[in-house]
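# Summary of structural features
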Amino acid sequence: MKYKSIKKAIFIKRPNRFIAQVFSDGREEVVHVKNTGRCKEILKEGAQIILEVSSNPLRKTRCSLISCYKNQNLINIDSQVPNTVVYESILQKNIKEFQNVAKLKREVVYKNSRFDLYFTTDTTEGFIEVKGVTLECDGIASFPDAPTERGTKHIYEMMKAVEEGYEGYIFFLIQMKNVNLFTPNKKMDPAFAQALETAVKRGVRVLAYDAVVTEDEITIGNPIPIDL
């Protein structure tokens, strides 16, 4: 996925989960943060950030914060892009597990959940739930960075789908490079980690891929080992 218009800025602070104060074009500016997660280990005062510039003159904030440098590693924190990146990558046959997809549809309701993707092949059909990962420490990426009851609910709904004959995938898109391993964040959300472990035992497939992140684009990278 490519952003149409971006610019650099310096992060100052985040008064709440929706907005941040930044220094850009010689002045302070309030921008929208495209991630409601904590991101405390990324968004630190003085960090270099990338803003997406909106073309909508009616917006309250002219720009949105989409990525941030952590040391020399650029991390995309835009929570809206993982679904698009995975969707586009499947269509382009850039994910080895989905080479034979005949039909691909976004935002499909199943029972009490709305899964990110629905797919069919010549022999089967299934659902994919995509999770964007921005938390990294010493080369290990983990999810979530805050408790997520909604995420846990999605896992149990995926188990039900598999029991009824669908294929089911939980896809973790790590929104950066330079990671060696993915693991669920058991300390932050033990219920999510336990649900994921149970899901694998019941036939749900878990995938983790990193991403190639530049200042104006994010694309699928390579598969990353998983330790549950």
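Here, the structure is the one placed above.
This structure is a prediction, so every number in the text was calculated from the model and none was measured.

Analysis parameters
Residues numbered from 1 in each chain as written. Predicted model: local features only at pLDDT ≥ 70, side-chain atom pairs only at ≥ 80, totals over all residues. Heavy atoms only, no water. Helix = DSSP H or I, 4+ residues; strand = E, 2+ residues; numbered from the N terminus. Buried < 20%, exposed > 50% of the residue type's maximum accessible area, 1.4 Å probe, protein only. Contact = heavy atoms within 4.5 Å. Areas by Shrake-Rupley, 256 points an atom, 1.4 Å probe, with all protein chains shown as cover. Lys, Arg positive; Asp, Glu negative; His and termini not counted. Charge placed at Lys NZ, Arg CZ, Asp CG, Glu CD. Pairing = 2+ DSSP bridges. Axes fitted to C-alpha atoms, helices over the stretch in contact; angles between N-to-C directions. Phe/Tyr/Trp six-rings, centres within 6.5 Å; stacked < 30°, edge-to-face > 60°. Lys NZ or Arg CZ within 6 Å of the ring centre and 35° of its normal. Core = buried A, V, L, I, M, F, W, Y, C linked by side-chain atoms within 4.5 Å. Polar contact = N/O pair within 3.5 Å; in protein donor to acceptor, adjacent residues only side chain to side chain. 1 Å grid on protein atoms, 1.4 Å probe; cavity = no way out; pocket = protein on both sides within 12 Å on 5 of 7 lines; lining within 4 Å. Points joined across faces, edges and corners; volume = space filled by probe spheres on them. Nonpolar A, V, L, I, M, F, W, Y, C, P; charged D, E, K, R; others polar.

When helices and strands are counted, the protein shows three helices and 15 strands. Each principal axis of the C-alpha atoms in the protein carries an extent, and together these give about 55 × 35 × 30 Å. The buried share among the 228 residues of the protein stands at 50%. Counting only contacts in the protein whose residues sit at least 6 apart along the sequence, the fraction spanning at least 24 positions is 64%. Total accessible area on the protein stands at roughly 11400 Å², and carbon and sulfur atoms take up 47% of it. Computed over 33 positive and 29 negative side-chain charges, the inter-centroid distance for the protein is 4 Å.

Looking now at the environment of Gly132. Along the chain, Gly132 falls in strand E9 (residues 125-133). Taking the C-alpha atoms as reference points, Gly132 and Ile77, separated by 55 residues in sequence, lie 8.2 Å from one another. Leave out the neighbours within four places in its chain, and Gly132 touches Pro82, Phe143, Leu173 and Gln175.

It is worth spelling out the sheet that holds strand E11 (residues 140-143) at this point. Note: strands within a sheet are paired through backbone hydrogen bonds, in either parallel or antiparallel orientation. The mixed open sheet is built from three strands, whose spatial order is E10-E11-E13. Each edge of the sheet is formed by a strand with only one pairing partner; in this case those strands are strand E10 (135-137) and strand E13 (181-184). Averaged over neighbouring strand pairs, the angle between their axes works out to 30° when direction is ignored. Pairing geometry for E10 and E11, over three bridges, is antiparallel. Looking across to E11, one finds that Cys137 is bridged to Ile140.

Let us look at the sheet that holds strand E15 (residues 217-223). Spatially, six strands are ordered E7-E8-E9-E12-E14-E15 in an open sheet, and the strand pairing comes out mixed. Looking at the sheet topology across the chains shown, the edges are occupied by strand E7 (103-110) and E15. The average angle at which neighbouring strand axes cross in this sheet is 35°, direction not considered. Here strand E14 (residues 205-214) pairs with E15 via five bridges, running antiparallel. Considered in E15, the bridge of Ala211 is made with Ile220. Helix-sheet contacts for helix H1 (residues 81-91) involve E7, strand E8 (113-120), E9, strand E12 (167-174) and E15, and the interaxial angle to E7 is about 140°.

Our next topic: the side chain of Asp116. Structurally, Asp116 is set in strand E8. The residues touching Asp116, leaving out its near neighbours within four places in the chain, are Asn83, Lys105, Arg106, Glu107, Ile128, Glu129 and Val130.

For the structure shown, the criterion picks out 14 aromatic pairs. Joined through ring pairs, the aromatic side chains of Tyr110, Phe115, Tyr118, Phe127 and Tyr166 make up one cluster. Over the face of the ring belonging to Tyr87 we find Arg106, whose NZ or CZ atom lies 4.9 Å from the ring centre.

Quick look at the nonpolar core now. Grouped together as the largest cluster of nonpolar side chains are 44 residues, with contacts concentrated most on Leu65, Phe172, Ile174 and Phe182. Residue contributions to this core peak at five residues, all from helix H2 (residues 149-163). Leaving out residues up to four positions away in the same chain, Leu65 has contacts with Phe11, Ala20, Val31, His32, Val33, Lys34, Leu43, Ile49, Ile50, Leu51 and Ile77.

The subject of this paragraph is the side chain of Gln175. By secondary structure assignment, the location of Gln175 is in the loop between E12 and E13. Judged by its relative accessible area of 1%, Gln175 is buried. A polar side-chain atom of Gln175 sits 3.0 Å from a polar atom in the side chain of Asn76.

The next subject is the layout of surface pockets. Taken as a whole, the largest pocket spans an internal volume of roughly 820 Å³. Within the residue set of the lining of the largest pocket, elements represented by two or more residues are strand E3 (27-33), H1, E8, E9, E11 and H2. Considering each element in turn, the lining of the largest pocket owes the most residues, five residues, to E9. Here the lining of the largest pocket is composed, by residue class, of ten nonpolar, 13 polar and ten charged.

By themselves these figures say nothing about function.
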